[in-house]
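Chain by chain, the residues run as shown.
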Amino acid sequence: MDLRIFTEPQQGATYDTLLAVAKATEDLGFDAFFRSDHYLHMGDVDGLPGPTDAWITLAGLARETKRIRLGTLMTAATFRLPGVLAIQVAQVDQMSGGRVELGLGAGWFEDEHKAYGIPFPKEKFARLEEQLAIVTGLWATEVGKTFDFHGTYYDLTDSPALPKPAQAKVPVVIGGHGATRTPRLAAQYANEFNMPFASPEDSERQFGRVRAAAEAEGRDADDLTCSNLLVVCAGRDDREVARRAAAIGREVDELKTNGLAGSPAEVVDKIGRYAEAGSRRIYLQVLDLTDLDHLELISSQVQSQLS
C-alpha cells in the first residue's frame, strides 16, 4: 500500500509552506506529494495569503526534491487549454527527471471561476474527454510528426506536439463517483483510478465498475491502479487526536467515520479495509500544513506497519 501526501493549498499556504511539506514527504519516506488545483478557499477560512498555482508550485518542487512523485488531484480542465496543459506538464516532468503524474478532472467549483474570470461551461465532461484525447495524443506523437484533432470544443492542426515529457508515458489519474461515464473514461485514458472521500463499500463498487470498463476496453484490469483519497487525523493518544481535529475544524467521530482518524493502530486497521476493497494507494489529505509532527507520526507508526 503506497501512502501519498495530498494538500489543499487554496485553504491558505505559501510556496515555502508547501516546500516544507514536500521535503518532509520525501525525507519521511512517503511515495508522493500531490496538491489540489483550486484558486478559491472553501469553508470557514480566509485563505490567506491567497492561492498558489498548481503547476507553478510543482515546477518549483521538481527542482527542490529528488525522489517523490509529484502531481495533482485534480487539475481542472476548465483552467487550461489542452495544448498549453500538455506543454506545462511535459516541462515539469523534464524538470523533475520524470516524476510527474497528471490528475485531470472536469472542474466543478463555479465560485472560483467567477472570482477569477474563468469561463465555467455547461459541457464540462465532454470537454474533459477531448482534453484527455489531446493531451495524451500530443505526448504520444512521434518526434518529427504532427498531431491533428478536430473536436467539438478544441481544434488542433499540424501541431508539432512538443515538448515531450521525460517519461515515456506520464501516468494519468482519473477519479470520481460517476457510475458510467467516469469508469469508461478511466478505462480509455487512465493509469490510475482514484475514489475520493468514499467508504470502503462504495469504493469497492466503483472499483468493480472501473475494472469492468477496462476489460470492455480490452485492457487488463490489473494494469489500472485503484486508489482512495481520505482525510487523515492521527494521534498518539485521544488528546492528540482531538487537538488535531480541532485545528482543522472537524469532529473526531466524524473523522473516524469518513476518514482515517484515531490512533496509528486505528488508522492501519481502516486502511486495511480499503485494501480489502481493492485499493492499492492512499492519498492522505493533510489539512494542517504546519503540523509536520503529524507526518512524522504517520511515517513512523502507520507507514512502517504497512510496508
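As shown above, the structure is provided for reference.
Starting from 1, residues in each chain are numbered consecutively following that chain's sequence as written. For a predicted model such as this one, the threshold for reporting local features is a pLDDT of at least 70, and the threshold for listing and counting side-chain atom pairs is 80 or more; totals across whole chains, interfaces and linings nevertheless cover every residue. With hydrogens and water stripped out, all remaining heavy atoms of the structure feed into the side-chain values.

## Focus: the layout of surface pockets
Here the term cavity refers to a set of points on a 1 Å grid, laid over the protein atoms alone, in which a 1.4 Å probe fits but cannot get out; the term pocket refers to an open set having protein on both sides within 12 Å along at least five of seven lines, with lining residues being those that place an atom within 4 Å of a point. Grid points are joined across faces, edges and corners, and a volume is the space filled by probe spheres set on the points. Reported here for the largest pocket is a volume of approximately 1200 Å³. If you go around the largest pocket, you meet 49 residues; those closest to its centre are Glu8, His38, Met42, Trp108 and Phe197. Labels follow the DSSP assignment, with helices taken as runs of H or I lasting at least four residues and strands as runs of E lasting at least two, numbered in each case from the N terminus. For the lining of the largest pocket, the elements supplying multiple residues, two or more each, are strand E4 (75-76), strand E5 (100-105), helix H5 (124-140), strand E8 (172-175), helix H6 (181-189), strand E9 (192-196) and strand E10 (225-234). At three residues, H6 tops the list of elements feeding residues into the lining of the largest pocket. Just so you know the grouping, Ala, Val, Leu, Ile, Met, Phe, Trp, Tyr, Cys and Pro go in nonpolar, Asp, Glu, Lys and Arg go in charged, and all remaining residues, Gly too, go in polar. Residues belonging to the lining of the largest pocket are distributed by class as follows: 23 nonpolar, 19 polar and seven charged. Taken as a whole, the second largest pocket spans an internal volume of roughly 150 Å³. Around the second largest pocket, the lining is made up of 13 residues, and of these Ala77, Thr78, Pro121, Arg127 and Tyr154 lie nearest the centre. Counted by class, the lining of the second largest pocket contains eight nonpolar, two polar and three charged residues.

## Here we look at the pattern of salt bridges
The term salt bridge refers to a side-chain nitrogen of Lys or Arg lying within 4 Å of a carboxyl oxygen of Asp or Glu. Counted according to the given criterion, the structure contains 21 salt bridges. Salt-bridge contacts for aspartate 31 lead to arginine 4; the nearest nitrogen and oxygen are separated by 2.6 Å. Placement of the pair is aspartate 31 in the loop between helix H1 (15-27) and strand E2 (32-35) and arginine 4 in strand E1 (residues 2-7), with a sequence separation of 27 residues. Ionic pairing is found between aspartate 53 and arginine 80, a salt bridge with its closest N-O pair at 3.0 Å. Note that aspartate 53 is positioned in the loop between E2 and helix H2 (54-64) and arginine 80 in the loop between E4 and helix H3 (82-96), a separation of 27 residues in sequence. Throughout, exposure labels follow a simple rule: accessible area from a 1.4 Å probe, protein chains only, divided by the maximum for the residue type, with under 20% read as buried, over 50% as exposed, and the rest as partly exposed. Owing to a relative accessible area of 8%, arginine 80 belongs among the buried residues under this scheme. One connected set of salt bridges, linked through shared partners, spans Arg236, Glu240, Arg243, Arg244, Asp291 and Glu296.

## Examining the nonpolar core
Core analysis: the biggest nonpolar cluster contains 74 residues, and Phe33, Trp55 and Leu284 have the highest contact counts within it. The dominant element in this core, judged by the number of residues it contributes, is H5, at eight residues. By nonpolar core is meant a set of buried Ala, Val, Leu, Ile, Met, Phe, Trp, Tyr and Cys residues that side-chain atoms within 4.5 Å join together. Core analysis: the next-biggest nonpolar cluster, separate from the first, contains seven residues, Phe34, Val173, Leu229 and Tyr283 among them.

## Some thoughts on helix H10 (residues 264-276)
The span expected for a helix works out to 1.5 Å for each residue beyond the first. In this model, H10 (13 residues) spans 18 Å end to end at C-alpha, consistent with the 18 Å of a helix rising 1.5 Å per residue. Along H10, the residues classified as buried are Pro264, Val267, Val268, Lys270, Ile271 and Tyr274. Across the axial projection of H10, the buried residues extend over an arc of 165°, all falling on one side. Exposed and facing more than 90 degrees away from the buried side of H10 are Ala265, Asp269 and Glu276. One or two positions beyond H10, positive phi appears at glycine 278, with a value near 115°. The directions from the helix axis to the C-beta atoms form the arc being described.

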